[in-house]
Each structure stands twice: as structure tokens, then as C-alpha cells.
Amino acid sequence: MDAFFETRQYDSGIKVWHKSYKDLHFIPHWHPEYEFIYVMKGQAKITVDEKTVFAEAGDLVLCSSGDIHYSDSDYMNNELAFLIFDPLIIHDSFNTYQLTSPHLSHKRLEQLGLAELTKNTFQMIGRELMEQRDYHEELIRSQLQKLCFSLIRQTNHLVLDEPSQNKHKDNLFKFQELLYYIEQHYNEDISLDDAAEMTNFSPSYFSTLFKQHTGYTFVKYVNAIRIERAISMLHKNYNMTDIAFECGFNNSRNFNRVFKEFTGVTPTAYLKTSTTNQITIKSNIRKSAIQAHTDDFVNKTLVSRN
């Protein structure tokens with residue numbers, strides 16, 4: 001299963017993101033943040049690490065750090081609320097919290113005494129992020145911690161066993177470190193063998209695992225980052241040759257070829273397109289990898305059928 005690695009921009013100083021969508025599906029992706037999906041209306045078919053669940057109104061779906069997740073909920077007339085946050089806001093060990101099943105039904109939440117708290121948390125955080133009044137970050141952190149610690153207390157009999165958690169965390173950490181390294185050293189000569197050595201995997205296994213986790217081959221992923229950086233330099237009127245070398249390409253011809261592979265146009269032609277087309281071109285490079293979610297997303301991690 002191909003999946004895109006997603007990084008996120010936040011509208012507030014606290015690393016918490018909230019949004020609601022109607023009739024939504026989203027393609028396979030993963031991120032280091034924790035994610036709660038709350039079904040407000042209708043039904044949703046959601047898959048988390050190859051476990052597919054059918055969630056109904058009042059249900060909660062949990063996606064742990066690094067979980068590959070997606071939804072294929074066409075025509076289910078649903079409304080889904082998303083709450084995505086850095087697990088370190090809760091506790092330095094929360095990113096290992098993972099249930100044997102990612103699905104907590106409304107009935108189960110009621111049995112655990114968490115149904116009302118879950119609903120209120122989504123409403124409260126959505127309101128505070130929108131209004132951003134004094135001390136909203138402190139209130140959001142407090143409410144989120146209340147829900148998460150309550151979940152830990154009430155679901156300790158439902159958590160994944162420790163060996164499975166450790167393996168999951170170890171693989172996630174290796175990829176987080178590697179992806180961060182690539183973001184910082186994209187203009188250097190980074191070979192697949194070098195990357196495999198950094199993660200302690202054989203080159204062949206690493207190649208398969210990298211494609212599974214990012215949706216790209218290793219070389220294409222590095223080039224995607226380079227082209228994103230090149231676009232930002234184009235807007236600052238850098239010389240084309242300087243851009244090519246600064247972004248890790250050994251000559252202008254190679255730079256032009258790869259740029260066109262990702263964007264469909266040459267760097268010069270890109271600058272002549274409209275602002276709207278430039279935004280569309282850039283957002284299609286790594287899907288939602290560097291973009292903040294908006295209601296206008298098309299062909300990215302979140303895709304509305306309407």
C-alpha cells in the first residue's frame with residue numbers, strides 16, 4: 001500500500017489542528033502526529049494500518065503516530081471531525097499509545113464514561129482554535145490532556161502489547177530521523193545505500209519500506225523536495241544555474257528535465273503561468289507534504305467528493 005508522508009503547518013502556536021468535512025475520503029498517508037477522527041454524522045469506512053472499520057455517528061477512530069490511514073467513504077453522507085496533534089503535548093511516551101483496534105464505538109465510549117468528554121473536546125478545541133482568545137493554547141492543552149489521560153486510564157486493557165509497540169516506535173523513529181535528514185541535506189549527494197545504512201535496513205528492504213511509507217521511490221522523493229525548494233527560489237529571482245546547483249542538481253539540463261517531470265512545465269514556463277496554476281503545480285509535487293489543509297484541497301491527502 002502506497003502512502004504519503006505528511007508534514008503540517010499550524011494556525012496557532014500550539015501544535016493542534018482541527019477541521020470538519022462532509023462527504024470526505026482521503027488517500028493513504030501517515031505523519032508523526034496523533035490523530036483522532038470523530039464521526040459527527042453518517043458513517044465512515046476508515047482503514048488504519050490495514051485494519052478497516054465502519055464507524056458511525058458518535059464513534060472515535062484513533063490513528064497513532066506513524067499509522068498509515070485512509071478513508072473510502074463515498075456517498076455515506078458523513079461529517080467527520082479531525083483532531084491532529086503533537087503527542088508530546090500529552091506526555092513524552094504518548095506516541096506509543098496504541099489500541100489493539102483503532103475503533104471505539106459510541107457504545108464503547110459510553111461504557112468507558114468517555115462519550116460526552118470526547119464530543120465536548122472536539123467542540124471546545126475547534127472553537128478555541130477559531131477564536132484564539134487569551135490563554136486558548138493553555139485551555140486546549142488542558143482539555144486534550146484530560147481526554148488522552150482518560151483514554152489511557154479507561155483503555156489499559158485494550159492497548160497493544162509492548163513488543164509490538166516497541167517495534168512500531170522504532171521503525172517510526174528511524175523514518176522520522178531519515179526524512180528530517182533529507183529535508184536538511186537535499187542538496188547533497190544522498191544515495192539509496194546511504195539512506196538504508198542510516199536506518200539499519202538492507203538496501204532492498206529499505207527500498208520497499210520507503211515506497212510503502214512515502215508513496216515514492218527514494219530517488220523520486222529526494223527530487224520532489226529539491227523541486228519544491230527550486231520553486232521557492234524561482235519566486236525570489238535567483239539565477240537558473242544557481243538554483244540547479246543549490247538544489248542538488250549537477251547541471252541545468254538535469255534540473256530542467258526533473259522539474260518538468262514533476263510540474264509538467266520547464267522552470268521558465270512555470271514563472272509565466274498564473275498564480276493559481278503555480279499553486280496547483282506546487283501542491284501536486286508531494287501531495288499534502290508541505291501544505292496546510294484547506295476546504296479547497298483537490299488531489300491531496302484530503303479530497304472532498306463534492
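Before any of the text, the structure's been laid out above.
(A) Structural detail: unusual backbone geometry. The phi dihedral of Asn-200 is positive, around 60°, even though this residue is not glycine. Along the chain, Asn-200 turns up in the loop between helix H5 (192-199) and helix H6 (203-214).

(B) Broad picture of a negative patch on the surface. On the surface, a cluster of negative charge is made up of Glu-188, Asp-189, Asp-193, Asp-194 and Glu-197. Summarising the element assignment, Asp-194 is placed in helix H5. We classify Asp-194 as partly exposed; its relative accessible area is 36%.

(C) Representation of the side chain of Ser-12 within the structure. Among the secondary structure elements, Ser-12 is positioned in the loop between strand E1 (4-5) and strand E2 (16-22). Only 2.9 Å separates the side chain of Ser-12 from the side chain of His-136, close enough to count as a polar contact. Not counting residues within four places of it along the chain, the set of residues in contact with Ser-12 comprises Leu-129, Gln-132, His-136 and Glu-137.

(D) Just the nonpolar core, in detail. Ile-182, Phe-206, Phe-210, Phe-218, Tyr-221, Ile-227 and Phe-255 are the most contacted members of the largest nonpolar core, which totals 37 residues. Secondary structure elements with two or more residues in this core: helix H4 (162-185), H5, H6, helix H7 (218-234), helix H8 (240-246) and helix H9 (252-263). For this core, the leading source of residues is H7, giving 10 residues. With residues near it in sequence (within four places) discarded, Phe-210 still touches Phe-175, Leu-178, Leu-179, Ile-182, Gly-215, Tyr-216, Thr-217, Phe-218 and Tyr-221.

(E) Structural view of the sheet that holds E2. The antiparallel open sheet is built from five strands, whose spatial order is E2-E9-E4-E7-E10. Taken across any chain shown, the strands that pair with only one partner, and hence form the sheet edges, are E2 and strand E10 (103-104). Direction of pairing for strand E4 (residues 34-41) relative to strand E9 (residues 79-85): antiparallel, over a ladder of seven bridges. Among the inter-strand pairings, Ile-37 is bridged to a residue of E9, identified as Phe-82. Of the strands in this sheet, E2, E4, strand E7 (60-63) and E9 touch helix H2 (residues 115-131), which is tilted by about 105° from E2. Packed on one face of the sheet, helix H3 (residues 136-154) meets E2, E4, E7, E9 and E10 and runs near 90° to E4.

The rules behind these values
- Residues numbered from 1 in each chain as written.
- Predicted model: local features only at pLDDT ≥ 70, side-chain atom pairs only at ≥ 80, totals over all residues.
- Heavy atoms only, no water.
- Helix = DSSP H or I, 4+ residues; strand = E, 2+ residues; numbered from the N terminus.
- Patch = residues over 30% accessible without salt bridge, like charges linked within 9 Å, V, L, I, M, F, W, Y side chains within 5 Å.
- Areas by Shrake-Rupley, 256 points an atom, 1.4 Å probe, with all protein chains shown as cover.
- Salt bridge = Lys/Arg side-chain N within 4 Å of Asp/Glu carboxyl O.
- Lys, Arg positive; Asp, Glu negative; His and termini not counted.
- Charge placed at Lys NZ, Arg CZ, Asp CG, Glu CD.
- Buried < 20%, exposed > 50% of the residue type's maximum accessible area, 1.4 Å probe, protein only.
- Polar contact = N/O pair within 3.5 Å; in protein donor to acceptor, adjacent residues only side chain to side chain.
- Contact = heavy atoms within 4.5 Å.
- Core = buried A, V, L, I, M, F, W, Y, C linked by side-chain atoms within 4.5 Å.
- Pairing = 2+ DSSP bridges.
- Axes fitted to C-alpha atoms, helices over the stretch in contact; angles between N-to-C directions.

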